[in-house]
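Commentary on secondary and tertiary structure
One-letter residues, chain by chain:
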Amino acid sequence: LVGGVVSAIDLGDATITTSSTSVSAIDFQNATTVNLGNLSAMAGTIRLGTGDIVTVTQKSGTLLTAGSLTGNATGRVNLNLNNLIGTLGDFDSAELVINDTAGGLVLAGNINSTSTAVINSTGGAINQTDGKIVVAGTTSIDAGTGDLSLNQTNNNFGGAVSLNSTGGAVSI
């Protein structure tokens, strides 16, 4: 547990690594802002807030490696660097930017954004296996050369939707 007691958390160049398989292997709570360093929970879940974090960013040049990623932030979550995320689980935020660069990305939870959402996987397919995606504003989902499958019936996109797969199949 990394807690800010309602203040900012800035990991800078710090590295946190765990072999835990827990649903809260690395757990951030009680912070106004979180600036992530290098995080690795390859077998477990990185949890970014339980509704008690405002914004989440990454320090330039850092890497987030997660078997699963969940979160609940009241503001913007910007994880736009070269991250290695296996599964994106339940996630709530005002704005959401996720970038995965290896092995593809499974969407297996409820993903809610009160503004915009950008989800990219340059390393493989994006496959929605469970949950629903609800985005009030614009949505951009890019699977690179992999397949893009958003097959859950309760998805709800309030604004413009951009889906991209340059070499694979797209199903919605």
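You'll find the structure just up there.
What comes next concerns the included structure.

Turning to the overall build of the protein, a few remarks are in order. Along the protein, the regular secondary structure elements total zero helices and 15 strands. Reported as C-alpha extents along the three principal axes, the dimensions of the protein are approximately 45 × 30 × 25 Å. Within the protein, buried positions represent 45% of all 172 residues. The long-range share in the protein, meaning contacts at least 24 apart out of those at least 6 apart in sequence, stands at 17%. A distance of 5 Å separates the average location of the 4 positive side-chain charges in the protein from that of its 11 negative side-chain charges.

Before going further, it helps to spend a moment on the side chain of Asn155. Within the fold, Asn155 resides in the loop between β12 (148-150) and β13 (156-157). In this structure Asn155 comes out as buried when scored by relative accessible area, which is 17%. For Asn155, the side chain forms a polar contact with the side chain of Gln128, separated by 2.9 Å. In terms of polar contacts, Asn155 uses its side chain to reach the backbone amide nitrogen of Ile133, at 2.8 Å. Those residues in contact with Asn155, other than ones at most four positions away along the chain, are Gln128, Gly131, Lys132, Ile133 and Leu150.

Counting across every chain of the model gives three salt bridges. A salt bridge links Arg47 to Asp27; its shortest N-O distance comes to 2.6 Å. Of the two residues, Arg47 sits in strand β4 (residues 38-58) while Asp27 sits in strand β3 (residues 26-36), which places them 20 residues apart along the sequence.

A few words now on unusual backbone geometry. Positioned with a positive phi, Asn30 is a non-glycine residue whose angle comes to about 55°. Classification of Asn30 by relative accessible area gives partly exposed; the value is 33%.

On to the side chain of Thr139, then. One can find Thr139 in strand β11 (residues 139-142). The buried category is assigned to Thr139, whose relative accessible area is 4%. Dropping the residues within four chain positions of it, Thr139 is found in contact with Ala117, Phe157, Ala160, Val161 and Ser162.

Structurally, the position occupied by Thr74 is in the loop between β5 (64-73) and β6 (76-100). On the basis of relative accessible area, Thr74 is assigned to the exposed category, the value being 52%. Each C-alpha atom, one on Thr74 and one on Ile9, is 16 Å from the other, the two residues being 65 residues apart in sequence.

Another aspect to go through is the environment of Ser24. Structurally, Ser24 is set in the loop between β2 (15-17) and β3. Residue Ser24 is classed as partly exposed on the basis of its relative accessible area of 31%. For the pair Ser24 and Leu48, spaced 24 residues apart in sequence, the C-alpha to C-alpha distance is 9.4 Å. In contact with Ser24, not counting residues within four places along its chain, are Thr45 and Arg47.

What follows concerns the environment of Leu107. Relative to the helices and strands, Leu107 resides in strand β7 (residues 105-107). For the pair formed by Leu107 and Lys132, sequence separation is 25 residues and the distance between their alpha carbons is 8.8 Å. Look past the residues within four positions of Leu107 in its chain and what remains in contact with it is Leu88, Ile119, Ile126, Asn127, Gln128, Thr129, Asp130, Ile133 and Leu150.

Rules behind the numbers
- Along each chain, residue indices are assigned from 1 in the same order as the chain's sequence is written.
- Totals for whole chains, interfaces and linings use all residues, but because this is a predicted model, local features are given only for residues with pLDDT of at least 70 and pairs of side-chain atoms are given and counted only at 80 or more.
- In computing side-chain properties, one takes all heavy atoms of the structure into account and sets aside hydrogens as well as water.
- The numbering of helices and of strands both runs from the N terminus, where a helix is a DSSP run of H or I of at least 4 residues and a strand a run of E of at least 2.
- A simple rule labels every residue: compare its accessible area, found with a 1.4 Å probe on the protein chains alone, to the largest value its type can have, and call it buried under 20%, exposed over 50%, or partly exposed in between.
- Note on contacts: a residue pair qualifies if any of its non-hydrogen atoms lie within 4.5 Å across the two residues.
- Within this scheme the basic residues Lys and Arg register as positive and the acidic residues Asp and Glu register as negative, but His and the chain ends are omitted.
- A charge is said to be at NZ when it belongs to Lys, at CZ for Arg, at CG for Asp and at CD for Glu.
- Polar contact is defined as a pair of N or O atoms within 3.5 Å, subject to the rule that within protein one atom must be able to donate a hydrogen and the other to accept it, and that residues adjacent in sequence are counted only when both atoms are side-chain atoms.
- Each salt bridge in this description consists of a side-chain nitrogen of Lys or Arg and a carboxyl oxygen of Asp or Glu lying within 4 Å of one another.

Function cannot be read off these values alone, since they describe shape.
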